[in-house]
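Here's the letter readout for the chains.
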Amino acid sequence: MPPAHPFDDDKLREECGVFGVVGVTDASNFVALGLHALQHRGQEAGGIVTHDTETGFNQQRRMGLVRDNFTSASMMERLPGMIGIGHVRYSTAGSKGQTAMRDVQPFFGEFSMGGAAIAHNGNITNALSLRRELIERGSIFQSSSDSECIIHLMARSMGRTIPDRMEEALRKVEGAFSIVAMTRTKLIGCRDPLGVRPLVLGKIGDGWALASETCAFDIIGAEFVREIAPGEMVVVTDKGVASHFPFRPNRSRFCIFEHVYFSRPDSILGGRSVYETRENIGRELAKENPVDADLVCPVPDSGTPAAIGYSLQSGIPYAMGIIRNQYMGRTFIEPTESIRNMGVRLKLNVNRALIKGKRVILVDDSVVRGTTSRKIKDMILDAGAAEVHFRIASPPTAWPCFYGVDTPKREKLLAATMTEEEMRAHLGVDSLKFITLDGLYRAVGEAKGRDAKAPAYCDACFSGEYPVAPSDMIEQGFEAKTAAE
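Participant: How should the overall build of the protein chain be read in this particular structure?
Facilitator: What the protein chain contains, in helices and strands, is 19 helices and 23 strands. Radius of gyration (C-alpha) of the protein chain: 23 Å, near the 23 Å computed for a compact globule of 485 residues. Overall, the protein chain is about 70 × 55 × 40 Å in size when its C-alpha atoms are taken along their principal axes. Sequence separation of at least 24 residues holds for 68% of the intrachain contacts in the protein chain that already meet a minimum separation of 6. Positive and negative side-chain charges in the protein chain, numbering 57 and 60 respectively, have mean positions lying 1 Å apart.

This is the structure:
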């Protein structure tokens, strides 16, 4: 299957999004709206599970976008009930980029005390060893997803309730997980002890909601109550929210790239507006890496807030030098070689009248493989720009993520094989500068920068310091960073 758009092979993919609601009439409609708001976190497939007292558990899973699958009255009538959960997926484990229907979440299991469904955002770093052990003990897997391990571990638990079984299962899991699950009457939310992936709690009328991001509450008119704490499990019923901490306490290591790119700019993370944080990143970038130029232009859309911050700090005018085609979805004509070469131009077009003869600063969120950056540079120069300067709103991405983000193998990451100057020459730009890791930490609220002995965030994709050892990948030959590096 061809990429959904020209950036797919040169951006970090946004893992997954989860949403759940309890205590509302027609819960599936709320779930569908919440998933629509979280669509940026996964566009390959989605699913919804609900429970109704008359029909029991109901589930629908589909390939493609929420708007194309979960908007018709006939579809939503198949999902009755006052409790439901949903999931939007971009594959980070299993058949990457080629999602099979069996891998689409939520996953459902029938236990002695009743059924349960589970939706997972993150990645289990010991999934292969768990899977081997479970298969040896008789488990039969239906998918290639790491998340299915949780259902099988729950089935083997001797816990008296579904939440008890989930606790026992998750204690055996390593890596990152933000989970929304449901029984017939309970909505359950849980984050891993490091809190790598986000999960938030909201109030909607007499009911409650759980979501990956606060923007999903805005669309349904829910009130943001609080974030689920790292290592916390909440069990939500019509009687309210019960909270406890089943895991050994640990220091939070929230994914710093959520601030840079993954989360929507209208969401709130850690009490901070994502938009304002990205503007702060742009300001820090301008302080660290000034350059004489005529215009500051974002690479749409993820570079926009940082470009605004760079412009405000530097005093160089902000301009929409690149215009995004808002209606670009999947390539609408046969992707022959000549059409593939037009890829970026199908999505982006240079504002020639603005660019011609100007020294242009292009602000983007990251450089992964560098393929898109080179094409955008060529477009800017073709439009008559005098100079092109890249400013990147994150440090060099030199290490793969194993906690729920699809990154290329390390040797495919430009920053893993080249110095900054080599990258500049490779991209063919007049200058290339990244924000420092300390600068990024300052932008997200750590005034003293990064504490090397106790980092406040997971920044493994930049530093190579993994807070949870990627045991499956190490077993397969991945060489983690040594102390000397």
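Participant: Honestly, helix H9 (residues 274-288) in this entry has me stumped. Any pointers?
Facilitator: In an α-helix, one full turn covers 3.6 residues, which means residues spaced three or four apart are oriented alike. The first and last C-alpha atoms of H9 sit 21 Å apart over 15 residues, in line with the 21 Å expected at 1.5 Å per residue. Restricting attention to buried positions, one finds in H9 the residues Val274, Thr277, Arg278, Glu279, Ile281, Gly282, Glu284, Leu285 and Ala286. For H9, the capping residue at the N-terminal end is serine 273, with a side-chain oxygen 3.3 Å from the backbone nitrogen of tyrosine 275.

Participant: Just to check I follow, could you spell out the sheet that holds strand S21 (residues 387-392) for this structure?
Facilitator: Two pairing modes exist for strands in a sheet, parallel and antiparallel, and in both the strands are linked by backbone hydrogen bonds. Read across the sheet, four strands follow the order S17-S20-S21-S22 without closing on themselves; strand pairing throughout is parallel. Strands with a single pairing partner mark the edges of an open sheet, and in this sheet they are strand S17 (295-298) and strand S22 (431-434). Shown here is a sheet whose adjacent strand axes are inclined to one another by a mean of 20 degrees, direction ignored.

Participant: Just checking my understanding: could you explain the packing of aromatic side chains for this structure?
Facilitator: Where two aromatic rings form a pair, the distance of their centres and the angle of their planes describe that pair. Summed over the entire model, instances satisfying the criterion amount to 12 aromatic pairs. Their ring planes at 45 degrees and their centres at 5.7 Å tell us that phenylalanine 257 and phenylalanine 462 sit as a pair that is tilted. Highlighted residues: phenylalanine 257 in helix H8 (residues 257-262) and phenylalanine 462 in helix H18 (residues 460-463), separated in sequence by 205 residues. Accessibility assignment for this pair places phenylalanine 257 and phenylalanine 462 in one class, buried. Ring-pair connections join several aromatic residues into one group, and the members of that group are Trp399, Phe402, Tyr403, Tyr466 and Phe478. The positively charged end of arginine 410 is found above the aromatic ring belonging to tryptophan 399, 3.6 Å away from the centroid.

Participant: Honestly, unusual backbone geometry in this entry has me stumped. Any pointers?
Facilitator: Most of the time, phi is negative for any residue but glycine, and the peptide bond is trans. With an omega of 5 degrees, the peptide bond between glutamine 105 and proline 106 qualifies as cis. Note that proline 106 resides in the loop between strand S4 (83-89) and strand S5 (107-111). For the bond from proline 300 to aspartate 301, the omega torsion is -10 degrees, close enough to zero to count as cis. Position of aspartate 301 relative to the elements: it lies in the loop between S17 and helix H10 (304-314). Even without being glycine, aspartate 26 reaches a positive phi, approximately 55 degrees. Within the secondary structure, aspartate 26 sits in the loop between strand S1 (16-22) and helix H1 (27-37).

Participant: Help me understand the pairing of S4 in this model?
Facilitator: Where burial is concerned, most of S4 is hidden: seven out of the seven residues are buried. Side chains Ile83, Ile85, His87 and Arg89 of S4 all project onto a buried face; the interleaved residues Gly84, Gly86 and Val88 project onto the opposite face, where all are buried too. Relative to S4, S1 runs antiparallel, the two sharing seven bridges. Its bridge partner lying in S4, valine 22 is registered against isoleucine 83.

Participant: Teacher, can you tell me more about the packing of H9 against H10 here?
Facilitator: When two helices pack together, you describe them by how their axes are tilted relative to each other and by the distance separating the axes. Interaxial distance between H9 and H10 falls to 6 Å at its minimum, and their mutual angle equals 45 degrees. One way to sum up the angle between H9 and H10 is to call them oblique. Our pair here, H9 against H10, has a crossing hand that is right-handed. Of H10, the residues touching H9 (which contributes Tyr275, Arg278, Glu279, Gly282, Arg283, Leu285, Ala286 and Lys287) are Pro305, Ala306, Ile308, Gly309, Tyr310, Leu312, Gln313 and Ser314.

Participant: Please explain helix H6 (residues 162-170) as it appears in this structure.
Facilitator: The buried fraction of H6 is high, at seven of nine residues. Taken together, the buried positions of H6 are occupied by Ile162, Pro163, Arg165, Met166, Glu167, Ala169 and Leu170.

Participant: Any chance you could explain the pattern of salt bridges here in plain terms?
Facilitator: When their charged atoms lie close together, side chains carrying opposite charge are able to pair. A complete count under the given rule lists 20 salt bridges for this structure. A salt bridge links glutamate 284 to lysine 287; its shortest N-O distance comes to 3.8 Å. Here lysine 287 and glutamate 284 lie together in helix H9, a separation of three residues that amounts to about one turn. Among the residues examined, glutamate 284 registers a relative accessible area of 11% and is labelled buried. Salt-bridge contacts for arginine 442 lead to glutamate 284; the nearest nitrogen and oxygen are separated by 3.3 Å. Of this pair, arginine 442 sits in helix H17 (residues 437-443) while glutamate 284 is found in helix H9, placing the two residues 158 residues apart along the sequence. Among the ionic contacts, a cluster of salt bridges with common partners joins Arg41, Arg197, Glu213 and Glu258.

Rules behind the numbers
- Residues numbered from 1 in each chain as written.
- Predicted model: local features only at pLDDT ≥ 70, side-chain atom pairs only at ≥ 80, totals over all residues.
- Heavy atoms only, no water.
- Helix = DSSP H or I, 4+ residues; strand = E, 2+ residues; numbered from the N terminus.
- Rg over C-alpha atoms; globule rule 2.2 N^0.38 Å.
- Contact = heavy atoms within 4.5 Å.
- Lys, Arg positive; Asp, Glu negative; His and termini not counted.
- Charge placed at Lys NZ, Arg CZ, Asp CG, Glu CD.
- Expected span 1.5 Å × (residues − 1).
- Buried < 20%, exposed > 50% of the residue type's maximum accessible area, 1.4 Å probe, protein only.
- Polar contact = N/O pair within 3.5 Å; in protein donor to acceptor, adjacent residues only side chain to side chain.
- Pairing = 2+ DSSP bridges.
- Axes fitted to C-alpha atoms, helices over the stretch in contact; angles between N-to-C directions.
- Phe/Tyr/Trp six-rings, centres within 6.5 Å; stacked < 30°, edge-to-face > 60°.
- Lys NZ or Arg CZ within 6 Å of the ring centre and 35° of its normal.
- Parallel < 35°, antiparallel > 145°, perpendicular 65-115°, else oblique.
- Left-handed = near helix turned anticlockwise from the far one by under 90°.
- Salt bridge = Lys/Arg side-chain N within 4 Å of Asp/Glu carboxyl O.

All quantities given are derived from atomic positions and should not be read as evidence of function.
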